[in-house]
Structures are given as structure tokens and as C-alpha cells.
Amino acid sequence: MTRIIFAFLCIISMASAFVTPQAASFGVTNTALEASRRPIFAAAAGMVPAIISSSAALATDGTNEWFGVDDIRLLVVLFLGHFAILSLYLAQY
């Protein structure tokens, strides 16, 4: 019985993902930047999680090197591969 109820709730949640969004849900009409008196603080609060989560890339994993890579040649290849993919992606725009 619990599996049937769980499956039903999953189907309902999947169907609700495709509903057009309402103009003002739950009575909230302003974003954090519009509602605050000092929008600089709201923008800074939005950037802090991105800065903190990206610091995980600097974890050394015991090698005392960034990304846990102790060979500089491998690190260069990793970055060049990412930049090549990024350039292909940005070339579409």
C-alpha cells in the first residue's frame, strides 16, 4: 500500500513540474534584491554560497596540490581540456 501511495505522489509531483508558473505564488511579489533597502548586501549574500562551494576544488586530498593532482603536466591537460570544451560551447553564441 505504501508503494502505491509513494508511486502516486511521484506521478503527481512529476505532473506538477510541467504546470505553468503563477504570477505571484504564496503572496511573494518581490525578490530579495527588490525587497532589501541595500541591494549590495543581498547580492553579496547570493555570491557567498558560490564562493564557498568552489573552495572544495582547492582540497588537496593529501597530495598538498590543488585538485589532488601532484603532476603539473596532468593538471595542465585537465585545464586545457576544460577550456577546449568551454570554447566549443561558447562558439555557438
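Residues numbered from 1 in each chain as written. Predicted model: local features only at pLDDT ≥ 70, side-chain atom pairs only at ≥ 80, totals over all residues. Heavy atoms only, no water.

K.L.:
Please clarify how the confidence of the model for the protein chain should be interpreted in this entry.
P.N.:
Keep in mind that low pLDDT regions are not for reading the predicted coordinates in detail. Confidence in the prediction of the protein chain, expressed as mean pLDDT, is 77, and 68% of residues score 70 or more. No element of the protein chain has a lower mean pLDDT than helix H2 (residues 32-35), at 64, and none a higher one than helix H4 (residues 72-90), at 91. (pLDDT = per-residue confidence, 0-100. Helix = DSSP H or I, 4+ residues; strand = E, 2+ residues; numbered from the N terminus.)

K.L.:
Just to check I follow, could you spell out the packing of aromatic side chains for this structure?
P.N.:
Here the distance between the centres and the angle between the planes together describe a pair of aromatic rings. All told, the structure shown has 2 aromatic pairs when counted by the stated rule. Ring geometry for Tyr-89 versus Tyr-93: centroids 5.5 Å apart, planes at 70°, classification edge-to-face. (Phe/Tyr/Trp six-rings, centres within 6.5 Å; stacked < 30°, edge-to-face > 60°.)

K.L.:
Looking at this model, I keep getting lost on a nonpolar patch on the surface. Mind explaining?
P.N.:
Together, Phe-67, Ile-72, Val-76, Phe-79, Leu-80, Phe-83, Leu-86, Tyr-89, Leu-90 and Tyr-93 make up an exposed nonpolar region whose accessible area comes to about 1,100 Å². By the secondary structure assignment, Phe-83 is in helix H4. (Patch = residues over 30% accessible without salt bridge, like charges linked within 9 Å, V, L, I, M, F, W, Y side chains within 5 Å. Areas by Shrake-Rupley, 256 points an atom, 1.4 Å probe, with all protein chains shown as cover. Salt bridge = Lys/Arg side-chain N within 4 Å of Asp/Glu carboxyl O.)

K.L.:
What's the story with the pattern of salt bridges in this structure? I'm lost.
P.N.:
Opposite charge on two side chains makes pairing possible when the charged atoms of those side chains draw close. Applying the stated criterion to the full structure yields 1 salt bridge. We note a salt bridge from Asp-71 to Arg-73, for which the minimum N-O separation is 3.3 Å. The partly exposed category is assigned to Asp-71, whose relative accessible area is 30%. (Buried < 20%, exposed > 50% of the residue type's maximum accessible area, 1.4 Å probe, protein only.)

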